[in-house]
Amino acid sequence: MHRSLRDNGLQPNADLTRLIVLTTDFGGIDGYVGVLKGVILSINPKAALIDLTHSILPQNLIQCSFVLGTSAHYFPRGSIHVIVVDPGVGTDRDLLLLETPDATFIAPDNGVLSAILSKNDSSYEARQTGYVQVPDDCEAYVLTESEVWLKPVSNTFHGRDILAPVAAHVSLGMPVSQLGRKVDSIFFLSTPVPTREAEMISGQVINIDHFGNLITNITKDLLLNSSKLQVQIKDTKILELSRNFASGLGSRFLPELVSLIGSHGYLEIALKNGNAAKVLSVDVGEPVLVRTD
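Bear in mind that the values here come from a model prediction, so they are computed numbers and not experimental data.

Focus: the nonpolar core
Membership of the largest hydrophobic core comes to 31 residues, with the highest contact counts inside it found for Ile83, Leu98, Phe105, Val112, Leu113 and Ile186. For this core, the secondary structure elements donating two or more residues are α2 (61–71), β4 (95–99), β5 (103–108), α3 (114–120), β7 (139–143) and β9 (185–188). Sorting elements by how many residues they give to this core places α2 first, with five residues. Setting aside chain neighbours within four positions, we find Phe105 in contact with Ala72, His81, Ile83, Leu96, Leu97, Leu98, Thr100, Leu113 and Ile116. Counting residues in each nonpolar core, the second largest holds 28 residues, with Ile20, Leu36, Ile40 and Val82 among its members.

Comments concerning the packing of helix α1 (residues 32–43) against helix α4 (residues 158–171)
Relative orientation of the contacting elements α1 and α4 amounts to 40°, with a least axis distance of 9 Å. It follows from the interaxial angle that α1 and α4 lie oblique. Seen along the crossing, α1 lies across α4 with a hand that is right-handed. From α1, Val35, Leu36, Val39, Ile40 and Ile43 reach across to α4, where they touch Gly159, Arg160, Ala164, Pro165, Ala168 and His169. Per-class residue counts for the contact of α1 with α4 are eight nonpolar, two polar and one charged.

Side note on the confidence of the model for the chain
Looking at the chain as a whole, its pLDDT mean stands at 89, while 91% of the residues score no less than 70. Low pLDDT, under 50, characterises residues 1–15; the predicted model gives this stretch 33 contacts beyond four residues in sequence or across chains.

Overview of the side chain of Asn110
By the secondary structure assignment, Asn110 is in the loop between β5 and α3. Once you skip the residues sitting within four places of it in the chain, Asn110 turns out to touch Leu61, Val85, Asp86, Pro87, Phe187 and Leu189.

Here we look at the sheet that holds β5
One open sheet accounts for seven strands, arranged β2-β1-β3-β5-β4-β7-β8; its pairing is mixed. The open sheet terminates on both sides in strands that have one partner only, identified here as β2 (48–53) and β8 (180–183). Direction aside, neighbouring strands of the sheet carry axes that sit 25° apart on average. Across four bridges, the pairing between β7 and β8 is antiparallel. What sits directly across from Tyr141, in β8, is Lys182. The strands touched by α2 are β1 (19–24), β2 and β3 (79–84); relative to β2, the strand with the most contacts, the crossing angle is about 125°.

Observations regarding unusual backbone geometry
Along the chain, Lys151 connects to Pro152 via a cis peptide bond; the corresponding omega equals -5°. Within the secondary structure, Pro152 is located in the loop between β7 and α4. Even without a glycine there, the phi angle at Gln59 is positive, about 65°. Phi is positive for Asn273, close to 55°, though the residue is something other than glycine. Examined against the element boundaries, Asn273 turns out to sit in the loop between β17 (266–271) and α5 (276–280). In this structure Asn273 comes out as exposed when scored by relative accessible area, which is 86%.

The rules behind each value
- Residues numbered from 1 in each chain as written.
- Predicted model: local features only at pLDDT ≥ 70, side-chain atom pairs only at ≥ 80, totals over all residues.
- Heavy atoms only, no water.
- Core = buried A, V, L, I, M, F, W, Y, C linked by side-chain atoms within 4.5 Å.
- Buried < 20%, exposed > 50% of the residue type's maximum accessible area, 1.4 Å probe, protein only.
- Helix = DSSP H or I, 4+ residues; strand = E, 2+ residues; numbered from the N terminus.
- Contact = heavy atoms within 4.5 Å.
- Axes fitted to C-alpha atoms, helices over the stretch in contact; angles between N-to-C directions.
- Parallel < 35°, antiparallel > 145°, perpendicular 65-115°, else oblique.
- Left-handed = near helix turned anticlockwise from the far one by under 90°.
- Nonpolar A, V, L, I, M, F, W, Y, C, P; charged D, E, K, R; others polar.
- pLDDT = per-residue confidence, 0-100.
- Pairing = 2+ DSSP bridges.

Now the structure itself:
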């Protein structure tokens, strides 16, 4: 039988404050992030808040899902994640609360939780975009109980008026079943999966970080048994896998360009003391080939 966080003794109260983690595409210029925190602290003055990032590229659902999927497990068990990357704000898309065995996620039902779903059910990685069943060890609720929302609700800032208040009330111990209607399926946004044919792995760039490093969808597990490999992006070939950003043979024409397994466990292409994305003029979706032997 599924055991929720509360069944495991993690129901918070005034003396046990669960961490609230914020992830948005708001950037740092406007007051949107500060307002989210102000709303949460107005409801729960003892709330513990931390920013995962507010630099998700505007409306980039794939990037947001990737960042969550590679970061959420580093936070304390029972953390509450509020995700506001919402190109459909004000439309008929739902707002969700997803409870996993380790954390609670409050977000639009637009695919930003796809990597979290994959962590709980690996079969989702090969699924096409569309609605998928909630994993057996999770529970999902569509937020419908407006009593805890701010009034009036803006058509363009549901993060402030709905998601932030819900997170604050959950942090104070409100049962999630009082916040909405339980659902069996939520929206899943498929991400590209690398393929392998003989000695060639075909993948692509799925994220570009602040440094211009190109993060691919090729995991370290696909490369473990290779004694030698060659990474190709566009017409550039990198002759070996480096241990870090500062070492390696690089490519024939760009000796400062390296490939390595990054901290997320994915193959990355980076430029020593530079920006690989700019130098190579590539964006998310660029094909990457790895020849192994």
